[in-house]
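Fold and geometry: a report
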Amino acid sequence: MAITIRIGTPADNAKIQDLVTKITMPGPAQMCFQRNPDFFVGAKVIGDEFVLTVADDDERPDVLAGLTVISGRELYISGQKRRVYYSGDTRVDPYYRRRGIASNLFVEQKKHRSTTDLLQGIVLKENTAPLDAAAKTADGVLFQYWISHSIETSFIFTRKITPRIPAGVTIRAASASDIPAMQAFFDREAPRRNGYPVYDMQKMAAGDPYYNGLKVEDYALALRGGQIVGMLAGWNQKAYKQTRIVGFKPAIKLLRPLYNLYVGIAGGFKLPPVGGMLNYLSLYNILIAQDDKAVFQGLIDWVMAHQGQKYDALAVGITHGDPLEEVPRGYKRQKLFSSHFWLSYGEDPRPGIDNRPLYVELGRL
Ligand SMILES: CC(C)(COP(=O)(O)OP(=O)(O)OC[C@H]1O[C@@H](n2cnc3c(N)ncnc32)[C@H](O)[C@@H]1OP(=O)(O)O)[C@@H](O)C(=O)NCCC(=O)NCCS
């Protein structure tokens with residue numbers, strides 16, 4: 001077999017879907033992160049530009065041996081707008097592993113990057129072995145990376161709830177006439193965190209692909225004296241991104257009906273049958289003036305009581321050290337820990353990044 005690396009195109013979509021479906025995350029419930037039906041719709045949500053590299057096997061033109069994507073998007077870093085590149089979606093067909101394909105996909109990516117580009121990535125906690133090694137190719141060091149933060153993702157179990165809203169605050173769904181005030185609030189609050197994506201509310205409302213599936217009515221606004229003091233949205237991304245259950249360990253298979261009966265009463269994540277999808281809603285564009293925990297909690301409660309009723313869980317990601325990190329911990333939830341790292345094909349980027357809290361947008365990973 002001869003492996004060649006090239007740039008992927010939309011004509012590869014069917015082969016990409018096949019490859020993605022072959023890769024599952026181990027655990028009691030085997031999960032697959034799918035991008036059905038069009039991988040490129042999801043890619044445009046991760047970045048407004050991206051480089052997709054794929055690996056072909058000359059003997060099997062019907063399959064892809066691997067792929068990786070590096071996406072560019074504008075983020076606030078140290079209070080300034082900066083183009084940052086996100087490395088995600090590295091997948092190698094199990095049949096083709098340990099032959100240097102991942103390394104070669106990153107060698108190809110290097111041609112599209114400069115030594116001063118800032119890159120970032122996220123791996124499930126302690127899963128850095130592949131990165132460690134992929135960083136070192138046969139001819140030396142390809143890239144370097146520096147773990148910077150832990151990310152705590154909470155899948156908050158939804159239930160019937162009366163929102164706990166602080167005195168003097170009202171919470172309601174946003175509408176088109178709120179857009180100028182939302183943008184002004186955004187422009188003031190988002191730069192307080194590193195890594196916050198730069199958002200344009202007009203583009204979102206106009207259906208720009210970077211905001212696929214998001215509407216202004218998906219936003220909840222917290223107001224005090226008519227002024228916005230907090231906002232977030234529930235973003236349903238199932239039309240292009242799914243977490244599908246592809247298998248269970250035998251014991252779990254047996255216990256699933258009993259477990260579902262239990263969570264039906266006590267709250268929790270229902271386990272769909274094999275082939276089914278996890279049903280959660282990602283909390284998006286979280287901004288809370290003065291990091292007021294009660295306002296954040298009020299907004300989570302409000303989304304749970306409204307849009308959230310159609311879902312088993314609300315997903316919220318907060319990095320360690322964020323003043324708001326305690327809030328999701330007050331809910332019944334499933335936790336998932338991952339690590340955020342900065343990455344560079346050249347210079348150490350850390351001197352250009354100050355120590356304000358890091359924001360990670362779950363809906364763009
Ligand atoms: C991680 C993954 C992309 C690696 O792909 P790959 O093509 O097998 O990687 P390479 O052959 O280029 O590996 C280069 C080096 O990385 C190291 N490495 C790769 N996979 C590893 C693993 N699972 N554990 C420890 N080291 C690993 C090895 O040192 C390897 O060199 P060696 O084979 O000479 O020892 C692949 O296993 C995969 O698709 N996993 C599932 C998806 C995933 O977890 N993606 C995110 C990872 S950040």
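Everything quoted here is computed from the prediction, not taken from an experiment.

Definitions and cut-offs
Residues numbered from 1 in each chain as written. Predicted model: local features only at pLDDT ≥ 70, side-chain atom pairs only at ≥ 80, totals over all residues. Helix = DSSP H or I, 4+ residues; strand = E, 2+ residues; numbered from the N terminus. Rg over C-alpha atoms; globule rule 2.2 N^0.38 Å. Buried ≥ 20, exposed ≤ 12 C-beta atoms within 10 Å, placed from the backbone. Contact = placed C-beta atoms within 7 Å. Pairing = 2+ DSSP bridges. Right-handed = clockwise from strand over helix to strand, strands pointing away. Domains from an automatic or database assignment. Nonpolar A, V, L, I, M, F, W, Y, C, P; charged D, E, K, R; others polar. Core = buried A, V, L, I, M, F, W, Y, C linked by C-beta atoms within 7 Å. Expected span 1.5 Å × (residues − 1). Bend = angle between axes of the 7 residues up to and from the residue.

**Observations regarding the overall build of the protein chain**
Each helix and strand counted, the protein chain has nine helices and 17 strands in total. A compact globule built from 365 residues should have a C-alpha radius of gyration of about 21 Å, and the protein chain, at 21 Å, falls within 12% of that. For the protein chain, the spread of C-alpha atoms along the three principal axes comes to 65 × 55 × 35 Å. Looking at the protein chain residue by residue over its 365 residues, the buried ones come to 38%. Of all intrachain contacts in the protein chain linking residues separated by at least 6 positions in sequence, the fraction that spans at least 24 positions is 78%.

**Focus on the pairing of strand β5 (residues 80–92)**
As a general feature of sheets, a regular strand has side chains that alternate between the two faces. Sheet topology note: the strand β4 (residues 64–77)/β5 ladder contains eleven bridges and is antiparallel. Residue pairing for β5: L75 is matched across the bridge by R82. In this structure, the hairpin formed by β4 and β5 is closed by a connection of two residues, where S78 is found at a positive phi of approximately 50 degrees. With four bridges connecting them, β5 and strand β6 (residues 118–124) associate as parallel partners. Each bridged residue has a counterpart across the sheet, and for Y86 the counterpart in β6 is Q120. Traced from β5 through helix α3 (residues 101–110) to β6, the parallel crossover comes out right-handed.

**Comments concerning the domain arrangement of the protein chain**
By the assigned domains, the protein chain splits into domain 1 (3–150) and domain 2 (155–240 + 274–339). Using only C-alpha atoms to locate each centre, domain 1 and domain 2 end up separated by 28 Å. On the side of domain 2, 18 residues touch domain 1, which itself brings 22 residues to the contact. Listing elements by their share of the side of domain 1 that touches domain 2, those giving two or more residues are α2 (39–46), β4, β6 and β9 (144–157). Per-element accounting of the side of domain 1 that touches domain 2 gives the leading share, five residues, to β4. A per-class count over the side of domain 1 that touches domain 2 returns nine nonpolar, five polar and eight charged.

**Digging into the nonpolar core**
Counting 45 residues, the largest nonpolar core has A220, M231, L299 and L314 as its most contacted members. When residues of this core are traced back to their parent elements, those giving at least two are β9, α5 (179–189), α6 (201–205), β12 (219–224), β13 (227–235), β15 (280–288), α8 (293–305) and β16 (313–319). If we ignore the near neighbours within four places in the chain, the residues touching L299 are I171, A220, A222, G230 and L232. Listed in part, the 40 residues of the second largest apolar core include F50, V84, A102 and L131.

**Describing the environment of W146**
With respect to the helices, strands and loops of the structure, W146 is situated in strand β9. Every residue in contact with W146, bar those within four places of it in the chain, is listed here: F341, W342 and R350.

**So, unusual backbone geometry**
Note that the residue after N36, namely P37, is joined by a cis bond; omega there is -10 degrees. You can see P37 is positioned in the loop between β2 (29–34) and α2. With a phi close to 50 degrees, S78 is a non-glycine residue in the positive phi region. Of note, S78 is situated in the loop between β4 and β5.

**Things to note about helix α7 (residues 250–266)**
Owing to its 3.6 residues per turn, the α-helix aligns residues three or four sequence positions apart on the same side. Here α7 contains 17 residues, and its C-alpha end-to-end distance of 24 Å stays within 8% of the 24 Å for a straight helix at 1.5 Å per residue. Where α7 bends most, at R256, the angle is about 55 degrees, and the proline P257 comes one to four residues later. In terms of burial, α7 is largely open, as just zero of its 17 residues are buried. Positive phi shows up at G267, right after α7, with a value of about 90 degrees.

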